[in-house]
Amino acid sequence: MSVDIRLATKADIREMSAMMARAFQSDDPVSGYFFPKEKRRPTMQRRMMAALIRHRYLPVGGADVALQAGRIVGVSLWHPHGARQGPWWRGLVAGPHLLWAMKRGVRAGIQMDRMLDDGAPNEDAVLWVYLGVEPSLHRSGVGAALTKTIFDRMDSQGRTTYGICKDGNIPFWTAMGFEEAGTATIGPKGPHVYRMNRPPARVSGGPAERTGTQV
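Residues numbered from 1 in each chain as written. Predicted model: local features only at pLDDT ≥ 70, side-chain atom pairs only at ≥ 80, totals over all residues. Heavy atoms only, no water.

1. Structural notes on the nonpolar core
In step 1: Ranked by internal contacts, the top residues of the largest apolar core, which has 35 residues, are M16, L77 and Y130.
In step 2: Only α1 (13-23), α2 (29-34), α3 (41-57), β2 (63-68), β3 (71-80), α5 (106-118), β4 (126-133) and β5 (161-165) provide two or more residues apiece to this core.
In step 3: Top contributing element to this core by residue count: α3, with six residues.
In step 4: Ignoring sequence-local partners within four residues, the contact set of Y130 consists of M20, F24, M48, M49, L52, Y57, V75, S76 and L77.
In step 5: Among the nonpolar cores identified, the runner-up in size contains 13 residues, and V126, I150, M154 and M196 belong to it. (Core = buried A, V, L, I, M, F, W, Y, C linked by side-chain atoms within 4.5 Å. Buried < 20%, exposed > 50% of the residue type's maximum accessible area, 1.4 Å probe, protein only. Helix = DSSP H or I, 4+ residues; strand = E, 2+ residues; numbered from the N terminus. Contact = heavy atoms within 4.5 Å.)

Rendered as structure tokens:
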């Protein structure tokens, strides 16, 4: 079945957040750190994702959805480095929603934000925070379609993409063109993660080429 990719809208938030909660329910150390109680995790994840999508990613055009037969089966979320500073009123609106959505996970979220900001390779880099696929559709091409969409966009703009991953996902990230860029810990007691950077490809009439090493 074919996959259609488009930018997300506010009307997609409920379906996006529910799907992302399913995608990150298990085997995700960051989600486990945010929400240690496994039974409550899907609800907390859904609330957190809804608040983040609405107040952090949609305002900067940083959300793609993958659809099959009109149903959202994949989500990609990103934002330019420093974009969260934005207008002062946006912080006033987003703050209470995130506090309500994350509750005790707020401190862990702040720790993660600081760690991600510290890892930006340059001021023009774009932070790719989430790539989620419906669990029953892993290895079906949904993730690949979302990945190609964001990389085509970043390559055309000449921008580096960066993010983090767990140890077991390094081969997946390197296969997409990312390079290891050190390690980090989320807060003093959080999970250990690997920083990953993807330099932009040079877009030309022929095959895309890498533009050099990452600083």
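Read on, since the account is not over.
2. Here we look at the sheet that holds strand β1 (residues 4-7)
In step 1: Across the sheet, seven strands lie side by side as β1-β2-β3-β4-β5-β7-β6; this open sheet has mixed pairing. Of all strands in the sheet, those with a lone pairing partner are β1 and β6 (179-185), marking the two edges. Within this sheet the neighbouring strands show an average axis-to-axis angle of 25°, counted without direction.
In step 2: Running over the sheet, α1 touches β2, β3 and β4 and is turned about 90° from β3.
In step 3: Across the sheet, α3 is in contact with β2, β3 and β4; its angle to β3 comes to roughly 50°. (Pairing = 2+ DSSP bridges. Axes fitted to C-alpha atoms, helices over the stretch in contact; angles between N-to-C directions.)

3. Observations regarding the packing of α1 against α3
In step 1: It is the contact of α1 with α3, at a shortest axis distance of 8 Å, that shows an interaxial angle of 135°. In terms of their interaxial angle, α1 and α3 are classed as oblique. Between α1 and α3 lies a crossing whose hand is right-handed. On α3, the residues touching I13, M16, S17, A18, M20 and A21 of α1 are P42, Q45, R46, M49, A50, I53 and R54.
In step 2: A class-by-class count of the residues in the contact of α1 with α3 yields nine nonpolar, two polar and two charged. (Parallel < 35°, antiparallel > 145°, perpendicular 65-115°, else oblique. Left-handed = near helix turned anticlockwise from the far one by under 90°. Nonpolar A, V, L, I, M, F, W, Y, C, P; charged D, E, K, R; others polar.)

4. A short note on helix α6 (residues 142-157)
In step 1: Its 16 residues give α6 an end-to-end C-alpha distance of 23 Å, which sits within 8% of 22 Å, the value for a rise of 1.5 Å per residue.
In step 2: Taken residue by residue, α6 has V142, G143, L146, T147, I150, F151, M154 and D155 as its buried positions.
In step 3: G158 occupies a position one or two residues after α6 and carries a positive phi of about 65°. (Expected span 1.5 Å × (residues − 1).)

5. Considerations on the side chain of Q45
In step 1: Its location among the elements puts Q45 in helix α3.
In step 2: Judged by its relative accessible area of 1%, Q45 falls in the buried class.
In step 3: Sequence-distant contacts of Q45, defined by excluding residues within four places in its chain, comprise A21, F24, S31 and F35.

6. Quick notes on the pattern of salt bridges
In step 1: Considering all chains together, one arrives at seven salt bridges under this definition.
In step 2: Between R22 and E134 there is a salt bridge, with the nearest N and O atoms lying 2.8 Å from each other. Here E134 lies in the loop between β4 and α6 and R22 lies in helix α1, a separation of 112 residues in the sequence.
In step 3: Residue R22 is classed as partly exposed on the basis of its relative accessible area of 42%.
In step 4: The salt bridge involving E134 is made with R71; its shortest N-O contact spans 3.9 Å. Residue E134 is found in the loop between β4 and α6, and its partner R71 is found in strand β3; the two are separated by 63 residues along the sequence. (Salt bridge = Lys/Arg side-chain N within 4 Å of Asp/Glu carboxyl O.)

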